[in-house]
Amino acid sequence: SLSAGLDLPGRFLFATLTLMTLIAILVFIEEAVYIYRKIPSSKRSIIIWINAAAPVISTTSCIGMWVPRSTMFTDFTAGIFFAIVIHKFLMMMIKECGGQKVLLRRFENGRFTISTGPCCCCCLCLPRVPITRQTLFWLKLGTFQFAVFRPVLIFLSIVLWSNGNYVLYNLSPKGPELWISCFIGALTLCALWAVGIMFRKVRILLKCKNIIPKFALYQFIVILNQLQTTIINIFATQKVIPCAPPLSSRARGSYIAQQLLIMEMFLITVISRVVYRRKYHDLEPLGCAAEEPEDKKQPP
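Residues numbered from 1 in each chain as written. Predicted model: local features only at pLDDT ≥ 70, side-chain atom pairs only at ≥ 80, totals over all residues. Heavy atoms only, no water.

- If you look the protein chain up in an unreviewed UniProt entry, it shows as OSTA protein from Daphoenositta chrysoptera.
- If you open the UniProt record of the protein chain and go to Subcellular location (unreviewed entry), you find "Membrane". (UniProt positions renumbered as here; feature names shortened; annotations may be inferred.)

### Details of the overall build of the protein chain
Piece 1. Scanning the protein chain from N- to C-terminus turns up nine helices and two strands.
Piece 2. Counting from the amino terminus, the protein chain carries its helices and strands in the arrangement α-α-α-α-β-β-α-α-α-α-α.
Piece 3. By residue count, 46% of the 300 residues in the protein chain fall in the buried class.
Piece 4. Look at the contacts in the protein chain between residues 6 or more apart in sequence, and 74% of them connect residues 24 or more apart. (Helix = DSSP H or I, 4+ residues; strand = E, 2+ residues; numbered from the N terminus. Buried < 20%, exposed > 50% of the residue type's maximum accessible area, 1.4 Å probe, protein only. Contact = heavy atoms within 4.5 Å.)

### Some thoughts on the packing of aromatic side chains
Piece 1. Using the criterion set out here, one finds nine aromatic pairs in the structure.
Piece 2. With a centroid separation of 6.1 Å and 50 degrees between ring planes, the pair formed by Phe89 and Phe215 is classed as tilted. Taken together, the residues span a long stretch of sequence, with Phe89 in helix α3 (residues 71–96) and Phe215 in helix α7 (residues 211–237) at a distance of 126 residues. With respect to burial, Phe89 and Phe215 carry one shared label: buried. (Phe/Tyr/Trp six-rings, centres within 6.5 Å; stacked < 30°, edge-to-face > 60°.)

### Observations concerning the UniProt feature "transmembrane region" (unreviewed entry) in the protein chain
Piece 1. Mapped onto the present numbering, the UniProt feature "transmembrane region" (unreviewed entry) falls at residues 12–34, 46–67, 73–91, 137–158, 178–199, 211–236 and 256–276.
Piece 2. This span, residues 46–67, is 95% helix and 0% strand, and a straight line between its end C-alpha atoms measures 31 Å.
Piece 3. Across residues 73–91, helical content stands at 100% and strand content at 0%; the span's end C-alpha atoms are separated by 28 Å.

### Observations regarding the side chain of Lys88
Piece 1. The residue Lys88 is located in helix α3 in this model.
Piece 2. At 14 Å, Glu96 is the nearest oppositely charged side chain to Lys88, a buried residue that forms no salt bridge.
Piece 3. With residues up to four places along the chain from it excluded, the contact list for Lys88 reads Ile46, Trp49 and Ile50. (Lys, Arg positive; Asp, Glu negative; His and termini not counted. Salt bridge = Lys/Arg side-chain N within 4 Å of Asp/Glu carboxyl O.)

### A short note on a positive patch on the surface
Piece 1. A surface patch of positive charge is lined by Arg111, Arg128, Arg200 and Arg203.
Piece 2. Relative to the helices and strands, Arg111 is located in strand β1 (residues 111–112). (Patch = residues over 30% accessible without salt bridge, like charges linked within 9 Å, V, L, I, M, F, W, Y side chains within 5 Å. Areas by Shrake-Rupley, 256 points an atom, 1.4 Å probe, with all protein chains shown as cover. Charge placed at Lys NZ, Arg CZ, Asp CG, Glu CD.)

### Some details on the nonpolar core
Piece 1. Grouped together as the largest cluster of nonpolar side chains are 63 residues, with contacts concentrated most on Phe89, Met93, Leu103 and Met198.
Piece 2. For this core, the leading source of residues is α3, giving 14 residues. (Core = buried A, V, L, I, M, F, W, Y, C linked by side-chain atoms within 4.5 Å.)

Following this line, the structure appears as structure tokens:
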């Protein structure tokens, strides 16, 4: 633990961030109880999983901040949890449309636009794919593979790390960490691509269910937890972030990433409570158009 070597401002910062983490956990617990009581059982567990992403990442970052040697395990725990949440978010969009059978009936003659981010946003020449049971299967497989293979690769990384063969954010092509990271990155892009394809199709239909703010919160978690942390730690590994004794460059970069995540996930937890707290009606067979005026009149 680093608490013994902290000065007064440092202790105040650590105490404030720890308090923010505890508040985020309490907000999530209160929200989970509300969801359990008010949301239909078919959607209950999926929405709780998605709402748990921010407080879980905040908790793992707080543990890593107080116990520096646990950073490897806390980062990997957050990574495994987030891989599951990506799949849950895709399933939530299908559930909000009424389930797979209802979704296929709603978009009976529709097509998926696959020229979307993060993989093919510039490939406008790609054909539009018919919405069938098979294409839905491939979209679900795109996120499910990430939820399965990322924990396996993370377990392999921990085994190699315990043997001294794995170093986080080491860019040397001779080590396994670069190749494992590239493979995880490719799996991540495929999973995010599947979610993006589905969102682009259902965002108008589910506008009355606030799917756009929900997707924005999900995107923020992706960017902050994956991209921001990776960039900071690569900068620290390459000595761009200077050392500040007794902290090395790598340790300082890890602390910066963890402290930023705690504050950011706290805000996302509070905003998620507002977005997911609202009660929504089920979609009518003809879509959301007739429902939107009534929905706008309801107070949040």
